[in-house]
Amino acid sequence: PLKDAVIIWTRAAPTTESGSGLAKANILWEMASDADFANVISSGIVEAKAIHDFTVKVDVAGLSPARRYFYRFKSANNTSPVGETRTLPEVDVSNVTFGIFSCSNYPAGFFTPYMEAAKDDNIDYVLHLGDYIYEYDGEGYATEHAKEIGRTYAPDNDTELYTLTDYRNRYALYRTDEGLLSLHQNKPFIVVWDDHEITNDTYKDGAENHQADEGDFYARRAAAVQAYYEWLPIRPPFGTERLEIYRQFTFGKLLDLYMLDTRVLARDKQLEYANYRDAETKAFDQARFMKDIGNPNRGLLGETQRNWLHSSMQQSQAKWQVLGQQLLIGRMLFPVSIFNGVERKAIPDHVHRLANIKRKQKQGGALSEQELALINTVVPYNLDAWDGYPAARKRVFDAALAADANLVVLAGDTHNGWAFDLAQDGTPVGVEFGVSSVTSPGFEGYLPQIPTQFLERALVDANPQLQWADTSRRGYMAVELTPQAASCEWRFVSGVRQRGTALGGTHNMASSLGSNTLAKG
């Protein structure tokens, strides 16, 4: 959506009866101011072409700001359901509410969080922060319950995704989910990709989940990007042949939204802890690790995108500056001892020990040198996040401070819920809201031996910037911005392995304009 335009989308594939060999078909689209189409304000004919997988995208211009519109498509023998959308506001904006989503894995469960948001009239726009699809095969990640709940892949799409046809078929399967269909039908989307739209842990020159015997990485990436541009209602700012997806959306004088790419365009390869552990002793080489992670030349955004972001924040006339992007930017550290030869089965006991030491310290108890070393020698828990690129994060934070920004960072990727007070060298910079996943498992799947409440408390105790965490539930965020505050409600569903489960809990936090800190909502 823009203030005077919006992209509408459908797919119109010829049926066997209409001639499966057709290369194109004419589709009528209509945009109206009412759901009954008594007042059709714009219409036209567009071609659904085989070359674009019969997807249809129309950039409907000449619209009015802050207006709700209704649209539909007609073929020779079919009429689509009625879709609802809205344009961006231009002036006098009192509030905007976003539904925030990330990480929808089809075999892991039904997309119930999408369905819940589709029913909420207070959500104005959807921000999808990536991992809209997953590229894995039908026997891999998060498929344990796929057969019993009827969420397996079709035989022609059951392998890992490599080709354009593979990616297209995966999107087509995702679009059969009732929740995703309903959300697209009822809300305008603003989207950005993460890694799984291509393959796990993508960076500018490769990916963790792309091996030498899997063909050319750049050809695979090009196929994935083409399918993404075909199947998502996105207006690529530099055209469909380009990787640049970063762009700005302005909501009057209330907020500027900057959609960033921290993944595909310019990211340097992630560091891996395994490369810093002695093969025999398992000892961790922290000195070498700290030198490498502190390299000022390692980045996520690339110079062009970074300069654009810094300049845009400097020029912003809005009250809020919001980053819509993939990765947690708040500092989240784990004691290095967890990575220093602790067996997986021993991690729960080790975490308990560390948490007890931290609690003892908070209560004023004296700690031994060994205890101090255990809790003070820390490294980032996730090298795939901004924590793995501290110099790049510092540049963004310095730019936000120089622009006197009221910074709100939105993050996906981790499958868990987070709230951070962001700071640079002790100076408050802004706040971060991290969204849980639609279906992908979180910490409860990785560390099931650790009780959820204990883990959440231990994480908050160990990380001063972290104000709250949820490590076990699936859902989405509703983020509202007003001239006075930025507030977030994390909304969790009671389950994703059955259709139609209800909301199963919420949590609220807010930041007042100018405070750059969070309080309970």
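In what follows, the structure referred to is the one given above.
What you are looking at is a predicted structure, and each value in this text was computed from that prediction instead of being measured. (Residues numbered from 1 in each chain as written. Predicted model: local features only at pLDDT ≥ 70, side-chain atom pairs only at ≥ 80, totals over all residues. Heavy atoms only, no water.)

(A) Focus on the overall build of the chain. The secondary structure content of the chain amounts to 12 helices and 24 strands. Projected onto its principal axes, the C-alpha coordinates of the chain cover approximately 80 × 55 × 45 Å. Counting over 521 residues, the chain shows a buried share of 57%. Sequence-distant contacts in the chain: of pairs separated by 6 or more residues, those separated by 24 or more amount to 71%. (Helix = DSSP H or I, 4+ residues; strand = E, 2+ residues; numbered from the N terminus. Buried < 20%, exposed > 50% of the residue type's maximum accessible area, 1.4 Å probe, protein only. Contact = heavy atoms within 4.5 Å.)

(B) Here's a closer look at the sheet that holds strand 9 (residues 189-191). If you walk across this open sheet you meet the seven strands as 9-8-7-21-22-23-24, and the pairing is mixed. Of all the strands in the sheet, just strand 9 and strand 24 (519-520) have a single pairing partner and so form its edges. Here five bridges tie strand 7 (residues 96-101) to strand 21 (residues 475-481), and the two strands are oriented antiparallel to one another. Looking across to strand 21, one finds that Val96 is bridged to Leu481. (Pairing = 2+ DSSP bridges.)

(C) Representation of the nonpolar core. One finds Phe251, Leu255, Leu410 and Phe433 to be the most contacted residues of the largest nonpolar core, which totals 76 residues. At eight residues, the largest contribution of residues to this core is made by helix 5 (residues 217-231). In contact with Leu410, not counting residues within four places along its chain, are Ile100, Leu127, Leu129, Val322, Leu323, Gly324, Gln325, Phe433, Met477 and Val479. One finds Ile375, Ala405, Leu407 and Ala411 within the second-largest nonpolar core, a separate group that totals 48 residues. (Core = buried A, V, L, I, M, F, W, Y, C linked by side-chain atoms within 4.5 Å.)

(D) Spotlight on the packing of helix 3 (residues 164-174) against helix 5. With their axes 8 Å apart at the nearest point, helix 3 and helix 5 run at an angle of 35° to one another. When you trace helix 3 past helix 5, the crossing you get is right-handed. Judged by residue contacts, Leu164, Tyr167, Arg168, Tyr171 and Ala172 of helix 3 engage Arg220, Ala223, Ala224, Gln226, Ala227, Tyr228, Glu230 and Trp231 from helix 5. Here the contact of helix 3 with helix 5 is built from residues that sort into nine nonpolar, one polar and three charged. (Axes fitted to C-alpha atoms, helices over the stretch in contact; angles between N-to-C directions. Left-handed = near helix turned anticlockwise from the far one by under 90°. Nonpolar A, V, L, I, M, F, W, Y, C, P; charged D, E, K, R; others polar.)

Fair warning: the whole summary comes from geometry, so function is off the table for now.
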